[in-house]
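Summary of structural features
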Amino acid sequence: MRILQLAAEVTPFAKTGGLGDVVAGLSRFLGRTGHDVRIFLPFYPSLASDGDRYVPVDFIRDVPVQLGPHRFTYTVRTVLLPDSDVSVYFIDCPALFGRGGIYHGDRDDSLRFALLTVATFECAQRMGWSPDIIHCHDWHTALAPVYRKAFFEWDGLFQRTRTVLTIHNIGFQGVVDSSRLIDLGLDPYTRLLDLSPGYLNFLRNGILHADALTAVSRTYAREIQTPELGFGLEGLLRARRDRLFGIVNGVDYEDWNPETDPNLFYHYSVDDLAGKRNCKRALLREIGFDERTAAPVVGIVSRLTPQKGFDLCFDTLPAFLAQRDMRLVALGSGEPRYEEFFQQLERSFPGKAWFYRGYNEKLAHQIEAGADIFLMPSKFEPCGLNQMYSLRYGTPPIVRKTGGLADTVEPFNPATGQGTGFVFEHFTPAGFAWALDLALNAFHHPILWRRMMGDGMTRDFSWEVQGREYVELYGRLAASH
Ligand code: ADP
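In this text the structure is predicted, and so the values were computed from the model without any measurement. (Residues numbered from 1 in each chain as written. Predicted model: local features only at pLDDT ≥ 70, side-chain atom pairs only at ≥ 80, totals over all residues. Heavy atoms only, no water.)

1. Description of the site of the ligand
Taken together, 17 residues form the shell around the ligand, and within it Arg303, Lys308, Gly358, Asn360 and Leu385 come nearest. Side-chain polar atom of Arg303 to an oxygen atom of the ligand: 2.7 Å apart, as the coordinates give it. The separation between a nitrogen atom of the ligand and a polar main-chain atom of Gly358 is 2.8 Å. Those elements giving two or more residues to the shell around the ligand turn out to be strand 12 (297–304), strand 13 (327–334), helix 12 (361–370) and helix 13 (386–392). (Near = heavy atom within 4 Å. Polar contact = N/O pair within 3.5 Å; in protein donor to acceptor, adjacent residues only side chain to side chain. Helix = DSSP H or I, 4+ residues; strand = E, 2+ residues; numbered from the N terminus.)

Printed below as a string of structure tokens:
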């Protein structure tokens, strides 16, 4: 199949979160399995300053484009996605993308990403390339199905093209005043649009017009149809639920593999866990704790925002640290109240609790490997990656039953000893305390614990597995003429 990926972020060129990883990981998998994949994204200033890390070559120069009253000129540059033969095309339009970072705020970004979308269609036209699938991601490129119908319906090149929109986080929708329609060249096409109530919502209109919708886990696909997590789009999503599919994100096990991870001092596998014990000692030594302890180490690596659920820890963690023989090693940054909470824990429980404020890739890997239990009590979690990393690193996670956490962690059942982690349902301190207590108790049963580690380490969430679900979906759509 000919598959066009259209996104604001693609790792390693531009990344602020999981979106960029998904577009890159999925595209690599599709390329490996023989599909013709082409990725389109903006050329951001950070790419220009990257020196010779990537050297995109000019592909089409100085193309004029009219969008509403605006006239822009862009150049298309191309380079291969690293570790693949997938072509990446950058839309280099200095007037819109030449300054600042990836995002500027909805008002500016509506025009920036609309231009990206229109330029992408035009580029396909210039290549004479007829995509079977245009796969757009999040609100930034959600108008692709709309522009296709508004501007490009006449062109036979796109006659068989089907559109897929993936929702990575429904909290961001791209909402601008409907007076912006003129800027976006869409004012003659209001009959296509759902403008209630006086606003243009990019994501809403993408959901309305895409041939298929996906969310980044099965549970999240259900949750966004509810008022609690639909952020106002639940009604529309319920109406289109026969077109909405949940597909869990794949993980890049090249970067996250305890057998080869260059960030670790020791390596290990499911058949030989000696290295994991050494990683634990190394981690404790590194932070100045007694490395001979038999106490379980609970690890955290996270952005510190309300989404991640650490409100549940405010009373619970101090009580557990006071009463139980456990260690806490936390890495993260974000809102001051969470940072202060973890700093206070470190002061109150010297030798038991430790906190590193900031972003530290190496330490993140060392915590995944050196901890015994990983903590991720998210309030909501569209997919989540850290729980999948911790499974692979033999560090059973404590998670709340939401989104991708519910889909990837199998609840430990004390009666049968089966499961890969500790799953609590209700977002309450009592729910969290129950799960933490269960985990700390289970840790002291070596045979049972060893089995749980092994079960988690052998679960496979690679793109080889997850990517097939996209291929099936694309195939069904392409066949539906
Ligand atoms: P989200 O995308 O919502 O932050 P995920 O679990 O999907 O949550 O992905 C988080 C990614 O960011 C993981 O790769 C995790 O290791 C990394 N990460 C988060 N906070 C930090 C930090 N402070 N230092 C290093 N890596 C971090």
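2. Topic: the domain arrangement of the protein
Domain annotation of the protein identifies domain 1 (2–250 + 464–478) and domain 2 (274–460). Here the C-alpha centroids of domain 1 and domain 2 sit 35 Å apart. Residue-level contacts link 15 residues of domain 1 with 12 residues of domain 2. Interface of domain 1 and domain 2: buried area, both sides summed, is about 1100 Å²; carbon and sulfur atoms make up 59% of it. At the boundary of domain 1 with domain 2, the tally comes to zero salt bridges. (Domains from an automatic or database assignment. Contact = heavy atoms within 4.5 Å. Buried area = accessible area lost by both parts, 1.4 Å probe. Salt bridge = Lys/Arg side-chain N within 4 Å of Asp/Glu carboxyl O.)

3. Structural notes on the sheet that holds strand 11 (residues 244–246)
With mixed pairing, the nine strands of this open sheet are ordered in space as 3-4-5-2-1-6-7-10-11. Two strands close off the open sheet at either side, each with one partner strand: strand 3 (57–67) and strand 11. In this sheet, neighbouring strand axes are inclined to one another by 25 degrees on average, regardless of whether the strands run parallel or antiparallel. Bridge count between strand 7 (residues 162–167) and strand 10 (residues 212–215): four bridges; the pairing is parallel. Within strand 10, the residue paired with Leu165 across the bridge is Leu213. Against the sheet, helix 4 (residues 106–127) contacts strand 1 (2–6), strand 2 (36–42), strand 3, strand 4 (70–80), strand 5 (87–92) and strand 6 (133–137), and its axis sits at roughly 120 degrees relative to strand 3. (Pairing = 2+ DSSP bridges. Axes fitted to C-alpha atoms, helices over the stretch in contact; angles between N-to-C directions.)

4. Examining the pattern of salt bridges
In the structure shown here, the tally under the stated rule is 21 salt bridges. Between Asp290 and Arg292 there is a salt bridge, with its nearest N and O atoms 3.2 Å apart. Look at Arg292 and you get exposed, because its relative accessible area is 69%. Across the pair Arg337 and Asp311 runs a salt bridge whose closest N-O atoms are separated by 3.2 Å. Here the residue Arg337 occupies a position in helix 11 (residues 336–348), and Asp311 occupies one in the loop between strand 12 and helix 10 (313–323), the gap between them amounting to 26 residues. (Buried < 20%, exposed > 50% of the residue type's maximum accessible area, 1.4 Å probe, protein only.)

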